[in-house]
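# Structural characterization, general
Letter by letter, the chains look like this.
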Amino acid sequence: MRFDLNRLLDGAGVSEVVTDDVDLSRYSAGGEAPFQTPVQLTAQARNRAGVVTLDCVYRYTLALRCDRCLAPVSREITLTVPHTVVRSLQNTEEDDEYLVAPDGLVELSEVAANDVIPELPSRTLCREDCKGLCPSCGCDRNTTQCRCEEKETDPRLAALDKFFDEGE
């Protein structure tokens, strides 16, 4: 959806609000599709003393898997990102600080992708004390107590373990 900010950029308007559902299902995180439902966007543009700001509020549900036990994790997220909108920049080094809209139109799906995707978590846990999966039998240690022998061995020293086992 395109948000027309020409009235605000020309100084004629004071405030405008639009809402839209943005489809980010084509994006993935760690091989997973975290956006099972559209991202709800509320964008409010304001002209205050000739400065146009665009405040974007995103509401979405993240659907990921726990990095330790692979259990499904669903989290409700609300993210607010402010932008300053300009028609052009004289110094191109300031590109990251401003939202440039030469024709006065802002493509909200692009803005949403640029705001939401970098905020995806680098690690997801079902809970902070998740015990993960047993490296031997693969059972979920949060729900099952396995009987595997837990041997603390540095993998770099595994060859020495074989040496000592042969000596017996």
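Before reading further, recall that the structure is shown in the block above.
This section reports on the structure supplied with the text. (Residues numbered from 1 in each chain as written. Predicted model: local features only at pLDDT ≥ 70, side-chain atom pairs only at ≥ 80, totals over all residues. Heavy atoms only, no water.)

## Regarding the environment of arginine 65
When you line up the elements, arginine 65 lands in strand β4 (residues 51-65). Given a relative accessible area of 38%, arginine 65 falls into the partly exposed group. Among all residues touching arginine 65, those that are not within four sequence positions of it are Glu32, Leu70, Ala71, Pro72, Val73 and Thr124. A polar contact is formed between the side chain of arginine 65 and the backbone oxygen of leucine 70, at a distance of 2.9 Å. (Helix = DSSP H or I, 4+ residues; strand = E, 2+ residues; numbered from the N terminus. Buried < 20%, exposed > 50% of the residue type's maximum accessible area, 1.4 Å probe, protein only. Contact = heavy atoms within 4.5 Å. Polar contact = N/O pair within 3.5 Å; in protein donor to acceptor, adjacent residues only side chain to side chain.)

## Some thoughts on unusual backbone geometry
Of note in this structure, leucine 70 is not a glycine but carries a positive phi near 65 degrees. Locating leucine 70 in the fold gives a position in the loop between β4 and β5 (72-86). Classification of leucine 70 as partly exposed rests on a relative accessible area of 48%.

## Some remarks on the environment of arginine 2
One can find arginine 2 in strand β1 (residues 2-4). Residue arginine 2 is classed as exposed on the basis of its relative accessible area of 54%. Sequence-wise, arginine 2 and arginine 65 are 63 residues apart; in three dimensions their C-alpha atoms are separated by 33 Å. Contact partners of arginine 2, with chain neighbours within four places excluded, come to Asp103, Leu105, Val106 and Glu107. Among the polar contacts listed, one links the side chain of arginine 2 to the side chain of glutamate 107, at a separation of 3.4 Å.

## Here's the deal with the sheet that holds strand β2 (residues 15-22)
Strands sit in the order β2-β3-β4-β5-β6 across an open sheet of five strands; the sheet is mixed. Lying at the two open borders of the sheet, with one neighbouring strand each, are β2 and β6 (99-100). Here helix α2 (residues 108-116) sits on the sheet in contact with β2, β3 (39-48), β4, β5 and β6, set at roughly 60 degrees to β4. (Pairing = 2+ DSSP bridges. Axes fitted to C-alpha atoms, helices over the stretch in contact; angles between N-to-C directions.)

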